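# Observations on chain architecture
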There are 2 protein chains.
Amino acid sequence: MLKRERQAYIVQQVNLHNKVLSTALSSEIDVSEDTIRRDLQELSEKGKLIKVHGGALSHSFHDITYPSKKVYAQDSKKIIAEKAVKFIKEGMFVLTSGGTTIIELARALPVTLSATFISGSIPAVVEYMHHPNLEVIVIGDKLSKNSKITVGADALARINTLKPDLCFLGINAIHPQHGVTDSDWDVVQLKQAMVETSQKVVCLTISEKINSIQPLHICGLDKIDILITELPNNHPALQPYVAAGITVM
Amino acid sequence: MLKRERQAYIVQQVNLHNKVLSTALSSEIDVSEDTIRRDLQELSEKGKLIKVHGGALSHSFHDITYPSKKVYAQDSKKIIAEKAVKFIKEGMFVLTSGGTTIIELARALPVTLSATFISGSIPAVVEYMHHPNLEVIVIGDKLSKNSKITVGADALARINTLKPDLCFLGINAIHPQHGVTDSDWDVVQLKQAMVETSQKVVCLTISEKINSIQPLHICGLDKIDILITELPNNHPALQPYVAAGITVM
DNA sequence: GCAGGTTTTGCAGGTTTTTGCACATAATGT
DNA sequence: ACATTATGTGCAAAAACCTGCAAAACCTGC
């Protein structure tokens, strides 16, 4: 068995079973454990797996550190949420993406508000669910583990059947020339569909992400109606967006 | 079981239940208590949990006031979950309803299990989402506030396109003559569809609900393959179901 | 084709990690 | 206060690891 072939097999096994033992691989492939160890070493350096004493684990194992994580820049996101809430009127149909900023928005919704909120983001849905007067529509499909949002053809098709009044987008990068960009293929698809189908698009982002670029393009600035950051709207960094005709808050 | 794997499991358990006992972990994972103690020691140094006499506590336990949401008859439900888990095999497609018994099932899933779980229950989806190796499919539609499950024509249609290997139903009433019944119209629709489309139907319920009736009919006993309660399977109350050809656990 | 260099692999050895056990000590409960 | 249970420490055996080395397989340029 060729080295490359062997390593491909190991990666396959890790992805399949989420763990492999050096001893098991050694006898399966019939090479010495030293060789397996060297393979694991290399694959680990390439980021294909996580090497541990006795074998290796899939990457999905490492990132189990959930609920009590502090949200990055939470204070800024609270300010953004306060501003964003003002755009929501009684009875509106509101489509939202995922992300921690959107969660803050959900928490900032006045209890008396009655409106219909639509989302494929599970954390967002959980927040909406606890609100007494919201109608909640869940967009179903395969759940993406890292973004905690449903992605796929079903979700896309469902979004395209909607004509929401308002769309809140938590975004990861916006730039005067390159528009809104992101790094996750599936998420980009969804956000594009959301932007296209909504009457009004509101982008939420902390100022840190302003004037930054990610590899995948979502839409140009012309599609954005409102941009909300934690900065005052006369801040110099925001002027290019005002000039582009966006309402900046 | 690898050390790292074991520690990941411990962290998961701590985050899930907010506390773990050294003794319990020792017998669950089948290593000596000394090893568990050393693990807790290390994890505590890494700040993943708080080590205390007898076990460990979640960090969030210390931060926030624990919203001691006690589930009714939780111990029984844990027993049920333990029994139910045994039916799930690697790679299966599993459809589940909602309800607290299903949540316990989700928490009892072994960390190494990789399978595809499908549900419209938001609390269930949240549990599945935290599991490192599950594929999760969310069934979308309007969210019913009191059952926290998506209901409607979309959800029904989606369920009917599936052919899952296994279906877990948390049920509210079962009776030798009247079969499985429930009280919520929308939920009944969903459960009917789930029963019809699944290869194998497993009903989970605490013994209290055995031999009781609710106003809406879901299905007859003939559609049920397996019934799981917290009672031993030779308990007299269960005999009518054994007689009906159901595998009782 | 073939000399010279590189890559891959197994092996020997010495080192480190992991784990369970024994025993003394501290915490807990009745 | 006393029995029970949990803890920490030291120890030893097994398992896994790392390092260097040498043989084999392989590329490469002439």
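Residues numbered from 1 in each chain as written. Chains lettered and ligands numbered in written order. Predicted model: local features only at pLDDT ≥ 70, side-chain atom pairs only at ≥ 80, totals over all residues. Heavy atoms only, no water.

## Description of the interface of chain A and chain B
What counts here: Should any heavy atoms of two residues lie within 4.5 Å, those residues are considered in contact. Accessible surface is computed with a 1.4 Å probe, and the buried area is the amount of it that two parts give up when combined, taken over both parts together. In the scheme used here, Gly and all other residues not listed as nonpolar or charged are polar, with Ala, Val, Leu, Ile, Met, Phe, Trp, Tyr, Cys and Pro taken as nonpolar and Asp, Glu, Lys and Arg as charged.
In this complex, chain A contributes 44 residues to the contact, which on the side of chain B involves 37 residues. Both sides together, the interface formed by chain A and chain B hides about 3,300 Å², and carbon and sulfur atoms give 63% of it. Here the residues of the side of chain A that touches chain B sort into 23 nonpolar, 12 polar and nine charged.

## Regarding the protein's contact with DNA strand C
Keep this limit in mind: The nearness test applies per residue and asks whether one of its heavy atoms lies within 4 Å of the molecule or strand. In protein, a polar contact requires one atom able to donate a hydrogen and another able to accept it; more generally it is a pair of N or O atoms within 3.5 Å, and residues adjacent in sequence count only if both atoms are side-chain atoms. Each helix is a run of H or I in the DSSP string that is no shorter than four residues. Each strand is a run of E no shorter than two, and both are numbered from the N terminus.
Taken together, 16 residues are adjacent to DNA strand C, and Arg6, Thr35 and Arg38 of chain A together with Thr35 and Arg38 of chain B come closest. A distance of 2.3 Å is found between a phosphate oxygen of DNA strand C and a side-chain nitrogen or oxygen belonging to Thr35 of chain A. With respect to DNA strand C, the side chain of Arg6 of chain B contributes an N or O atom lying 2.9 Å from a phosphate oxygen. Breaking the surface near DNA strand C down by element, the ones donating at least two residues are α1 (3-17) and α3 (33-45) of chain A together with α1 (3-17) and α3 (33-45) of chain B. Residue composition of the surface near DNA strand C, by class: two nonpolar, six polar and eight charged.

## A look at helix α6 (residues 100-108) of chain B
The periodicity of an α-helix, 3.6 residues per turn, causes residues three or four places apart in sequence to face the same way. What counts is decided by this rule: Only protein chains enter the calculation, and the probe is 1.4 Å; a residue is then buried if its accessible area is under 20% of its type maximum, exposed if over 50%, and partly exposed in between.
In terms of residue burial, α6 of chain B counts as a mostly covered element, since eight of its nine residues are buried. All of the buried residues in α6 of chain B are Thr101, Ile102, Ile103, Glu104, Leu105, Ala106, Arg107 and Ala108 of chain B.

## With respect to the protein's contact with DNA strand D
Within the structure, DNA strand D sits among 16 residues, and Arg37, His53 and Gly54 of chain A together with Arg37 and Gly54 of chain B are positioned closest to it. For DNA strand D, the fraction of atoms within 4 Å of the protein that belong to sugar or phosphate moieties is 80%. Separating a sugar or linking oxygen of DNA strand D from a side-chain N or O atom of His53 of chain A is a distance of 3.4 Å. Side-chain polar atom of Arg37 of chain B to a phosphate oxygen of DNA strand D: 2.8 Å apart, as the coordinates give it. The set of elements that each furnish at least two residues to the surface near DNA strand D consists of α2 (22-29), α3 and β2 (50-52) of chain A together with α2 (22-29), α3 and β2 (50-52) of chain B. For the surface near DNA strand D, the residue count by class is two nonpolar, eight polar and six charged.

## Focus: the sheet that holds strand β4 (residues 93-96) of chain A
In any sheet, the strands associate via hydrogen bonds between backbone groups, in a parallel or an antiparallel arrangement. The cut-off we apply is this: When DSSP finds at least two bridges between two strands, those strands are taken to pair. Geometry is summarised by axes, namely lines fitted to C-alpha atoms with helices restricted to the contacting stretch, and by angles between N-to-C directions that run from 0 to 180 degrees.
Taken in spatial order, the nine strands of this open sheet run β15(A)-β14(A)-β12(A)-β9(A)-β4(A)-β5(A)-β6(A)-β7(B)-β8(B), and their pairing is mixed. In this open sheet, the two strands that pair with only one neighbour each are β15 (247-248) of chain A together with β8 (149-151) of chain B. For strand β12 (residues 201-204) of chain A and strand β14 (residues 226-228) of chain A, the ladder comprises three bridges, and the chain directions are parallel. Paired with Leu204 of chain A across the bridge in β14 of chain A is Ile228 of chain A. On the sheet, helix α8 (residues 185-197) of chain A packs against β4, β9 (166-170) and β12 of chain A and is oriented at approximately 150° with respect to β9 of chain A.

## Description of the domain arrangement of chain A
What counts, and what does not: For the purposes of this description, domain bounds are those given by an automatic or database domain assignment.
For chain A, the assigned domains read domain 1 (3-61) and domain 2 (74-248). The gap between the C-alpha centroids of domain 1 of chain A and domain 2 of chain A is 40 Å.

## Quick word on helix α9 (residues 185-197) of chain B
Residues and elements named next belong to chain B. Stated precisely, the cut-off is as follows: A helix is expected to reach a length of 1.5 Å times the quantity of its residues less one.
A rise of 1.5 Å per residue sets the reference length of α9, with its 13 residues, at 18 Å; its end C-alpha atoms lie 19 Å apart and thus fit the reference within 8%. Buried within α9 we find Val187, Val188, Leu190, Lys191, Ala193, Met194, Val195 and Thr197. Looking at where α9 begins, the residue whose side-chain oxygen comes 3.0 Å from the main-chain nitrogen of Asp186 is Asp184.

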